[in-house]
Amino acid sequence: MSDNNLMIPDKNSIPAFLLNKQLAANFMDEAAAGIGAGMPPRIKLSAKQFKLVDSNGEETAFPPSQMFASDDGFYMPAIILRAKRAFSKVWYLEAYNPNNEEVKAPDCFSLDALRPDPSSSSPQCETCAACPMNAFGSGKDQNGTASKGKACTDNKILAVYAAGAVYQLKIPPASLKNYRLYLDQVRVNLPDVPLYAIKTLIGFDAQSDFSVLVFRFGGFVGADKPEQQQKIVELLAQKAMSTEAEAIIGNNGAPLALPTPAEKKAIEAPAGPSPEELAAKAEAEAKAAADAKTKADAAAAKKAAKARADAEAKAAKEAAEKAAAAAASAPASSGDVSDDLLRAELGLI
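Source: prediction; values computed, not measured.

Draft legend 1. Spatial organisation of the overall build of the protein chain. In terms of regular secondary structure, the protein chain is built from eight helices and eleven strands. The burial tally for the protein chain puts 35% of its 349 residues in the buried class. Restricting to contacts in the protein chain with at least 6 residues of sequence separation, those with at least 24 account for 61%.

Draft legend 2. Local environment of the pattern of salt bridges. Applying the stated criterion to the full structure yields eight salt bridges. A salt bridge links Asp154 to Lys89, with the nearest nitrogen and oxygen atoms 2.3 Å apart. With a gap of 65 residues between them, Asp154 in strand β8 (residues 153-162) and Lys89 in strand β6 (residues 88-91) connect regions that are remote in the sequence. An identical accessibility class is assigned to Asp154 and Lys89; each is buried.

Draft legend 3. Structural context of the nonpolar core. Ile43, Phe50, Met76, Ile171, Ile202 and Leu213 are the most contacted members of the largest nonpolar core, which totals 25 residues. Of all the secondary structure elements, the ones that give two or more residues to this core are β1 (42-45), β2 (50-53), β5 (73-83), β8, β9 (165-171), α2 (176-189), β10 (198-204) and β11 (213-220). Of all the elements, α2 adds the most residues to this core, at five residues. Not counting the four nearest positions on each side in its chain, Met76 is found in contact with Ile43, Phe50, Phe62, Met67, Thr200, Leu201 and Ile202.

Draft legend 4. Representation of unusual backbone geometry. The phi dihedral of Ala47 falls on the positive side, at around 50°, and the residue is not glycine. The topology assignment puts Ala47 in the loop between β1 and β2. Even without glycine at this site, Lys48 takes up a positive phi of about 60°. Along the chain, Lys48 falls in the loop between β1 and β2. Look at Lys48 and you get partly exposed, because its relative accessible area is 30%.

Draft legend 5. Here's a closer look at the side chain of Ser208. With respect to the helices, strands and loops of the structure, Ser208 is situated in the loop between β10 and β11. In terms of polar contacts, Ser208 uses its side chain to reach the backbone carbonyl oxygen of Phe210, at 3.1 Å.

Draft legend 6. Broad picture of the pairing of β1. The two faces of β1 match: Arg42 and Lys44 on one face and Ile43 and Leu45 on the other face are all buried. Once β1 ends, the chain turns through four residues before running back antiparallel as β2, passing Ala47 with a positive phi of about 50°. Taken together, the two bridges between β1 and β9 define a ladder with parallel strand orientation. Residue pairing for β9: Ile43 is matched across the bridge by Leu169.

Draft legend 7. A look at the pairing of β10. A large share of β10 lies buried, amounting to seven of its seven residues. Of the two faces of β10, the one carrying Ile198, Thr200, Ile202 and Phe204 and the one carrying Lys199, Leu201 and Gly203 are both buried. Both β5 and β10 contribute to a ladder of three bridges, which runs antiparallel. Bridge pairing links Ala78 to Thr200 in β10. In the sheet, β10 pairs with β11 via six bridges, with the strands oriented antiparallel. Note on β11: the bridge partner recorded for Ile198 is Phe220.

Draft legend 8. A look at α2. The end-to-end C-alpha separation of α2 is 20 Å, in line with the 20 Å expected for 14 residues at 1.5 Å each. Within α2, the full set of buried residues consists of Leu176, Tyr179, Tyr182, Leu183 and Val186. Down the axis, α2 shows its buried residues gathered within 125° of arc, on one side only. Residues Gln185, Val188 and Asn189 are exposed on α2 and point more than 90 degrees away from its buried face. Buried residues belonging to α2 abut β5, β8, β9, β10 and β11.

Draft legend 9. Focus on the packing of aromatic side chains. Taken as a whole and assessed by the stated rule, the structure comprises four aromatic pairs. For the pair Phe217 and Phe220, a centre-to-centre distance of 5.7 Å together with 75° between the ring planes defines the contact as edge-to-face. On the basis of relative accessibility, which here comes to 36%, the residue Phe220 falls in the partly exposed class. Geometry around Phe136 places Lys150 over its ring, the cationic atom sitting 5.2 Å from the centre.

Draft legend 10. Up close: the confidence of the model for the protein chain. Looking at the protein chain as a whole, the pLDDT averages 76, with 66% of positions reaching at least 70. Here residues 251-259 is modelled with pLDDT under 50, and outside its nearest four sequence neighbours on either side it reaches 29 contacts, counting other chains as well. Per-residue pLDDT stays below 50 along residues 330-337; that stretch engages in zero contacts with residues further than four places along the chain or on separate chains.

What counts, and at which threshold
Residues numbered from 1 in each chain as written. Predicted model: local features only at pLDDT ≥ 70, side-chain atom pairs only at ≥ 80, totals over all residues. Heavy atoms only, no water. Helix = DSSP H or I, 4+ residues; strand = E, 2+ residues; numbered from the N terminus. Buried < 20%, exposed > 50% of the residue type's maximum accessible area, 1.4 Å probe, protein only. Contact = heavy atoms within 4.5 Å. Salt bridge = Lys/Arg side-chain N within 4 Å of Asp/Glu carboxyl O. Core = buried A, V, L, I, M, F, W, Y, C linked by side-chain atoms within 4.5 Å. Polar contact = N/O pair within 3.5 Å; in protein donor to acceptor, adjacent residues only side chain to side chain. Pairing = 2+ DSSP bridges. Expected span 1.5 Å × (residues − 1). Arc of directions from axis to C-beta. Phe/Tyr/Trp six-rings, centres within 6.5 Å; stacked < 30°, edge-to-face > 60°. Lys NZ or Arg CZ within 6 Å of the ring centre and 35° of its normal. pLDDT = per-residue confidence, 0-100.

Written out as structure tokens, the structure reads:
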């Protein structure tokens, strides 16, 4: 056999009789099933620092010159493009050891919070809902002392635009409360503005001895460039609908980014109230503040609000798809221009 590298030919030179789009997709899906996709570029949390990790695993520190300086610390400017709907879940048999720098894969994990991933080395139950490791009170701290939290921890996966590219950012359990509070503020004050049209500043809680994230509103994208603001928002809509973002938040078996020891310590920290508990508290407070409306009025208002929210979400999705289609039909050179615009918007150039 020749030592020459096999070069895949240009698709335009392939004989027509070889082409069968549907069968090719079906057979490729079958051939690749269970293997998983390549590791997406991600932003890693390490000792209260952000590190950029490329698809080959090479790490670089987030450039300090690109951080946003504030009275309470430094923040990474980012734009939230998409979010995976389901939590990803991880469980370790052994407690976190601060003296062990080796990154160990989870013994059991799930990408959809429904059932363990087939590649888990030690699945604990057939479903996440029935798993004893997913119950509150099953957790232990690094000293082996029982805690109120869960042994199997929840993480929220985001696709963000930062440092000039699309990255995966994992929100660990101890940061979920702060993330939820930030989203609640945006939802109340800017209910009609997509997250990709907002700058989000992400930093670390100075009062915590491990990496707990905090979030701040950083302004509207393109606000200081009114003549280009619409173009910038359209480009970000295109990024939100890109294959890179979809690979990060999709439910098609993308691999789990393994945590560093520092990230694992944050995973095993007390997570505080669960999203369900926070939602229940918010509902109780809303009921207490409500006026003398009847239960029928409240039910009708709730139904109307849900219908309106569904309609707005549908309209936002259609607008994003339209913007993405429009951007995709632009001249090829616009790709370079778009990245330059976005990097400048985040203060990267």
